[in-house]
Amino acid sequence: MKKMITIHSFKGGTGKTQLSVNIATILAKKGKKVALFDLDLRAPTLHEVFNPKKVKCYINDVLSGNIEINDCMIDVSEKIGEKNKLYVCFANSSTEAIREMISRKRKWEIEALKKLLIIRKKLLEEMNFDYIIIDTSPGIIYLSINAVVAADLPILVTTLDESDVNGTNKIVRDLYKVFEKKPMIIVNKVLNTSEEKMKLLDELRKESEIIGILPCFCEIGIMKRSSIFVIEKPQHQFTKMLEDIVNKII
Ligand SMILES: Nc1ncnc2c1ncn2[C@@H]1O[C@H](COP(=O)(O)OP(=O)(O)OP(=O)(O)O)[C@@H](O)[C@H]1O
Ligand SMILES: [Mg+2]
C-alpha cells in the first residue's frame, strides 16, 4: 500500500537521516517509486548525501506556496544504480533560509500542514509515487509534528539512552496520542544488551511497537556523508537488519 512515512525522534542525532536515506534506497531498489524529503529546515543534510548539481527550488518554496512540488523533485536514481525510482526534495541550506525558517509564525505552520497534505495527495495519487519518506528535525518542532500528523506511518527513532527513551515515551503519550497517531519505533545505536537496557526496551514496548533494534556499528559513523551504506555494503548486518525493517513497513 502507498504510504507517507515520517521519520522523527525526541532527541537529535539518533540516526533519522541515516535511516531515511537507507530505507528510501532499499524501497527504491525493490522497484518502488520513492520521494525523499528533507524537512529538517533548521539543519538540512540530504544535499550532503546526494550532492545535487542544480537545485531549482526547495521544499521551503513549496511550503511557502511559491512553487509546485513537481518542479522540486530531483531524480537521484543514478546514485543507487536505478532509473526513475528515487527522487529527493531538498531543503535550502543557506543561512538566510534557516533564519527565515526559525522566525516563521504559527500561521505559516498551519498553512504548511495543508501543503504537506496536498503534497501527499499529489505524489501518491497523481504522480504515481509508492512511498514518501520524510526526514525531520528532532523534538517538538511544529513542522516535524505537522509531518507526523500528515503521515500514514510515523516512525520514531530512539537510542537506549535513558533520557531518550523517557522523552520518546513522553511524546508518544502527550503528542502522538492526541493526534491519534501510532508510531512504530526503531531503536538505533544500541551498544550493549545489559539488564538495564532491556528494561528500557520494555518501557518503550509499553507505549509503541518496536520494528527494529539496530546495533551501533563504528563503520556507519565513520563513513562519508555522501555514501549510502546499503549501497556500499549490501552484505553487512546493518543492511540485512534494515531490509527486515523495510519488509515490516511494507
Ligand atoms: N547504527 C549506527 N551505528 C553507528 N553510527 C550511526 C548509526 N546510525 C547512525 N549513526 C551515525 O550517527 C550520526 C548521526 O546520525 P544522523 O545524522 O542520521 O542522525 P539524525 O537523527 O538525523 O541527527 P539530527 O537530529 O541532527 O538530524 C551520523 O554520523 C551517523 O552516521
Ligand atoms: Mg538528521
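Here the structure is shown first, and the text comes after it.
Residues numbered from 1 in each chain as written. Chains lettered and ligands numbered in written order. Predicted model: local features only at pLDDT ≥ 70, side-chain atom pairs only at ≥ 80, totals over all residues. Heavy atoms only, no water.

Undergrad: What is the right way to read the sheet that holds strand S8 (residues 209-215) from this model?
TA: Picture the strands of a sheet paired through backbone hydrogen bonds; they go either parallel or antiparallel. The 8 strands are arranged S3-S4-S2-S5-S1-S6-S7-S8 in an open sheet whose pairing can be described as mixed. Each edge of the sheet is formed by a strand with only one pairing partner; in this case those strands are strand S3 (74-75) and S8. The pairing of strand S1 (residues 3-8) with strand S5 (residues 131-136) spans 5 bridges and is parallel. If you follow Ile 7 over to S5, its bridge partner there is Asp 135. Along the sheet, helix H6 (residues 142-150) makes contact with S1, strand S2 (34-39), S5 and strand S6 (153-158), crossing S1 at roughly 145 degrees. Along the sheet, helix H11 (residues 237-249) makes contact with S1, S6, strand S7 (184-190) and S8, crossing S8 at roughly 170 degrees. (Pairing = 2+ DSSP bridges. Helix = DSSP H or I, 4+ residues; strand = E, 2+ residues; numbered from the N terminus. Contact = heavy atoms within 4.5 Å. Axes fitted to C-alpha atoms, helices over the stretch in contact; angles between N-to-C directions.)

Undergrad: Looking at this structure, I do not really get unusual backbone geometry. What am I missing?
TA: Where the residue is not glycine, phi is negative for most of them; where a peptide bond is considered, it is trans in most cases. Positive phi outside glycine occurs at Asn 128, with the angle close to 70 degrees. Among the structural elements, Asn 128 can be located in the loop between helix H5 (106-126) and S5. Within the chain, Glu 180 stands out as a residue other than glycine whose phi angle is a positive 55 degrees. Note on placement: Glu 180 falls in the loop between helix H7 (162-176) and S7. Residue Glu 180 is classed as exposed on the basis of its relative accessible area of 72%. (Buried < 20%, exposed > 50% of the residue type's maximum accessible area, 1.4 Å probe, protein only.)

Undergrad: Just to check I follow, could you spell out the environment of Leu 156 for this structure?
TA: Along the chain, the position of Leu 156 falls in strand S6. On the basis of relative accessibility, which here comes to 0%, the residue Leu 156 falls in the buried class. With 37 residues separating them along the chain, Leu 156 and Ile 119 place their C-alpha atoms 22 Å apart.

Undergrad: What should I look at first to understand the pairing of S2 in this one?
TA: The two faces of the sheet receive side chains in turn, since in a regular strand these alternate between them. Judged by how many residues are buried, S2 sits mostly within the fold: 6 of 6 residues are covered. Where burial is concerned, the two faces of S2 agree: the one with Val 34, Leu 36 and Asp 38 and the one with Ala 35, Phe 37 and Leu 39 are both buried. Strand direction decides the pairing type here: S2 and strand S4 (residues 86-89), joined by 4 bridges, are parallel. What sits directly across from Ala 35, in S4, is Tyr 87.

Undergrad: Is there a simple way to explain helix H8 (residues 195-207) in this structure?
TA: Residues spaced three or four apart along an α-helix face the same direction, because each turn holds 3.6 residues. For H8, every residue scored as buried is listed here: Lys 197, Leu 200, Leu 201 and Leu 204. Looking straight down H8, one finds its buried side chains confined to an arc of 105 degrees; they lie on one side. Projecting away from the buried face of H8 at angles above 90 degrees are the exposed residues Glu 195, Glu 196, Lys 199 and Lys 206. Those residues of H8 that are buried are in contact with S6, H7, S7 and S8. (Arc of directions from axis to C-beta.)

Undergrad: Before we go on, may I ask you to explain the nonpolar core in this structure?
TA: Within soluble globular proteins, side chains that are nonpolar tend to cluster in buried spots. Within the largest apolar cluster, 39 residues are counted, with the highest numbers of intra-cluster contacts made by Ile 23, Leu 36, Phe 50, Leu 86, Ile 133 and Leu 242. Top element by residues in this core is helix H1 (residues 16-29). It accounts for 7 residues. Excluding residues within four positions of it along the chain, Leu 86 makes contact with Ala 24, Thr 25, Ala 28, Val 34, Leu 36, Phe 50, Ile 74, Asp 75, Val 76, Ser 77 and Ile 80. Met 4, Leu 39, Met 73 and Leu 123 belong to the second-largest nonpolar core, a separate cluster that totals 28 residues. (Core = buried A, V, L, I, M, F, W, Y, C linked by side-chain atoms within 4.5 Å.)

Undergrad: Sorry if this is basic, but what is going on with the packing of H5 against H6 here?
TA: The contact between H5 and H6 brings their axes to 9 Å, and the two run at 30 degrees. Crossing geometry of H5 relative to H6 is assigned as right-handed. Across the interface between the two elements, Arg 106, Trp 108, Glu 109, Ile 110, Ala 112, Leu 113, Leu 116, Leu 117 and Arg 120 from H5 touch Tyr 142, Leu 143, Asn 146, Ala 147, Val 149 and Ala 150 from H6. Here the contact of H5 with H6 is composed, by residue class, of 11 nonpolar, 1 polar and 3 charged. (Left-handed = near helix turned anticlockwise from the far one by under 90°. Nonpolar A, V, L, I, M, F, W, Y, C, P; charged D, E, K, R; others polar.)

Undergrad: Sorry if this is basic, but what is going on with the packing of H7 against H8 here?
TA: Two packed helices can be described by the angle between their axes and the distance between those axes. With their axes 10 Å apart at the nearest point, H7 and H8 run at an angle of 5 degrees to one another. Looking at the two axes, H7 sits roughly parallel to H8. Within the contact between the two elements, H7 uses Glu 162, Val 165, Thr 168, Asn 169, Val 172 and Arg 173 and H8 uses Leu 200, Glu 203, Leu 204 and Glu 207. Broken down by class, the residue content of the contact of H7 with H8 amounts to 4 nonpolar, 2 polar and 4 charged. (Parallel < 35°, antiparallel > 145°, perpendicular 65-115°, else oblique.)

Undergrad: What is the right way to read the pattern of salt bridges from this model?
TA: Side chains carrying opposite charge are able to pair once their charged atoms draw close together. Counting across every chain of the model gives 12 salt bridges. With its nearest N and O atoms 3.6 Å apart, the salt bridge here joins Asp 161 to Lys 11. Pair noted here: Asp 161 is in the loop between S6 and H7 and Lys 11 is in the loop between S1 and H1, with a separation of 150 residues, a long-range link. On the accessibility criterion, Asp 161 (35% relative accessible area) is partly exposed. A relative accessible area of 33% means that Lys 11 is categorised as partly exposed. Of the charged contacts in the structure, one is a salt bridge between Lys 206 and Glu 203, with a shortest N-O distance of 2.9 Å. With Lys 206 and Glu 203 both in helix H8, this residue pair falls 3 residues apart, about one helical turn. Among the residues examined, Glu 203 registers a relative accessible area of 32% and is labelled partly exposed. It is possible to trace a salt-bridge network through shared partners that takes in Arg 173, Lys 177 and Glu 207. (Salt bridge = Lys/Arg side-chain N within 4 Å of Asp/Glu carboxyl O.)

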